[in-house]
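Here is how the chains run, residue by residue.
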Amino acid sequence: MPLTIKVYSDYVCPFCLLADGELKAAAAERDVTIEHLPFELRPYPAPTLRPEDGYMQASWSEKVYPIAEQLGIPIRMPTLSPQPYTHLAFEGYQFAKKAGIGEAYNSRMYKAFFIDGLDIGDISVLTELAEELGLNGPEYREALETGAYREAHKQALHHALYEANITAAPTYVIGKTTVKWLLYKEQFLEAIDAELKKQRLEQWSTGISCTIDGCI
């Protein structure tokens, strides 16, 4: 039975993009199932980030760009100001997941924002991306305009906030182990192997032994 890795992420989190390929590379070497779950860092109406702010400039210069260069990912800080809300893109994820391409959809949203510099809060942009992935564009657009998957997204977000108690992106729940930061391929493999070992030990925790009362 494969190990499940739950990924809580937001499309406007650069570290989610940077770790995405690392997780996929690790998953290709182990028997694991990846489940993507939404976690909006700044849900409406909370203000979203502005690239001109000093915090953004410093964070990208000191953290994002060095990691991206190390991994060979041509990521760039989007110039959209303020950054878009991601609830519509996540509602679209529910549509894509139902069509069986949720993972590909997630990867495309990351790249659309951080590499192509597209506004993933705009329905027209999202529809074009959906069509690019082979989804039915008119049906996808109608789903976003009518809010067909709004409740499904709200329930997923409620789970992340109040059941899984997620506070940061990316957060990875590897079996029963939670990691709240970017991991590299070898770190993912180490975490996966440690969790599998822990599960095997738990399976061995019951058996036959002797006590003062006899054998049990």
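A brief look at the structure comes next.

The rules behind these values
- Residues numbered from 1 in each chain as written.
- Predicted model: local features only at pLDDT ≥ 70, side-chain atom pairs only at ≥ 80, totals over all residues.
- Heavy atoms only, no water.
- Buried < 20%, exposed > 50% of the residue type's maximum accessible area, 1.4 Å probe, protein only.
- Helix = DSSP H or I, 4+ residues; strand = E, 2+ residues; numbered from the N terminus.
- Pairing = 2+ DSSP bridges.
- Right-handed = clockwise from strand over helix to strand, strands pointing away.
- Salt bridge = Lys/Arg side-chain N within 4 Å of Asp/Glu carboxyl O.
- Phe/Tyr/Trp six-rings, centres within 6.5 Å; stacked < 30°, edge-to-face > 60°.
- Axes fitted to C-alpha atoms, helices over the stretch in contact; angles between N-to-C directions.
- Parallel < 35°, antiparallel > 145°, perpendicular 65-115°, else oblique.
- Left-handed = near helix turned anticlockwise from the far one by under 90°.
- Contact = heavy atoms within 4.5 Å.
- Nonpolar A, V, L, I, M, F, W, Y, C, P; charged D, E, K, R; others polar.
- Disulfide = S-S within 2.5 Å.

**Structural notes on the pairing of strand β1 (residues 3-9)**
Here is step 1 of the chain: With respect to burial, β1 is a largely interior element, five of its seven residues being buried.
Here is step 2 of the chain: Here β1 runs beside strand β2 (residues 32-38); their pairing, made up of seven bridges, is parallel. For Leu 3, the partnering residue across the bridge sits in β2 and is Val 32.
Here is step 3 of the chain: Regarding topology, helix α1 (residues 14-27) serves as the crossover connection from β1 to the parallel β2, and that connection is right-handed.

**What to know about the pattern of salt bridges**
Here is step 1 of the chain: According to the stated counting rule, one finds eight salt bridges in the structure shown.
Here is step 2 of the chain: Where Glu 132 meets Arg 108, a salt bridge forms, and the shortest distance between an N and an O atom there is 2.6 Å. In this pair, Glu 132 is assigned in helix α5 (residues 123-132) and Arg 108 in helix α4 (residues 102-114), connecting sequence segments 24 residues apart.
Here is step 3 of the chain: The network of salt bridges with common partners includes Arg 108, Asp 116 and Glu 132.

**Structural notes on the packing of aromatic side chains**
Here is step 1 of the chain: Considering all chains together, one arrives at twelve aromatic pairs under this definition.
Here is step 2 of the chain: Here the aromatic rings of Trp 60 and Tyr 65 are separated by 5.3 Å at their centres, their planes lie at 65 degrees, and the arrangement is edge-to-face.
Here is step 3 of the chain: Using a relative accessible area of 3% as the deciding quantity, one classes Trp 60 as buried.
Here is step 4 of the chain: Given a relative accessible area of 30%, Tyr 65 falls into the partly exposed group.
Here is step 5 of the chain: A centroid spacing of 6.4 Å and a plane angle of 40 degrees characterise the contact between Tyr 93 and Tyr 105, whose relative ring orientation is tilted. Taken together, the residues span a long stretch of sequence, with Tyr 93 in helix α3 (residues 87-98) and Tyr 105 in helix α4 at a distance of twelve residues.
Here is step 6 of the chain: Grouped by ring-pair contacts, the aromatic residues Tyr 11, Phe 90, Tyr 93, Phe 95, Tyr 105, Tyr 110, Tyr 140 and Tyr 149 constitute a single cluster.

**Thoughts on the packing of α1 against α4**
Here is step 1 of the chain: Where α1 meets α4, the axes come as close as 10 Å, and the angle between the chain directions of the two elements is 135 degrees. Regarding the angle of α1 to α4, the classification is oblique. You can see that α1 and α4 cross each other, and the crossing is left-handed. Of the residues in α4, those touching α1 at Pro 14, Cys 16, Leu 17, Asp 20 and Lys 24 are Glu 103, Ser 107, Tyr 110, Lys 111 and Phe 114.
Here is step 2 of the chain: Taken together, the residues of the contact of α1 with α4 sort by class into five nonpolar, one polar and four charged.

**Some details on unusual backbone geometry**
Here is step 1 of the chain: In this structure, Pro 82 follows Ser 81 across a cis peptide bond, with omega equal to -5 degrees.
Here is step 2 of the chain: When you line up the elements, Pro 82 lands in the loop between α2 (54-71) and α3.
Here is step 3 of the chain: The amide bond that connects Ala 169 to the next residue, Pro 170, takes the cis arrangement and shows omega of 0 degrees.
Here is step 4 of the chain: If you trace the backbone, Pro 170 turns up in the loop between α7 (150-163) and β3 (171-174).
Here is step 5 of the chain: One non-glycine residue, Asn 165, lies in the positive phi region at around 55 degrees.
Here is step 6 of the chain: Here Asn 165 shows up in the loop between α7 and β3.

**Description of the environment of Pro 14**
Here is step 1 of the chain: If you trace the backbone, Pro 14 turns up in helix α1.
Here is step 2 of the chain: Overall, Pro 14 belongs to the buried group, its relative accessible area being 10%.
Here is step 3 of the chain: Each C-alpha atom, one on Pro 14 and one on Trp 60, is 9.0 Å from the other, the two residues being 46 residues apart in sequence.
Here is step 4 of the chain: In this view, Pro 14 contacts Trp 60, Val 64, Ile 75 and Phe 114; residues no more than four positions away in its chain are not counted.

**Concerning the state of the cysteines**
Here is step 1 of the chain: Taken as a whole and judged by the stated rule, the model has zero disulfides.
Here is step 2 of the chain: Not part of a disulfide, Cys 13 finds its nearest cysteine sulfur in Cys 16, a span of 3.1 Å.
Here is step 3 of the chain: Accessibility expressed as a relative area gives 4% for Cys 13, which makes it buried.
Here is step 4 of the chain: For Cys 16, a relative accessible area of 3% corresponds to the buried category.

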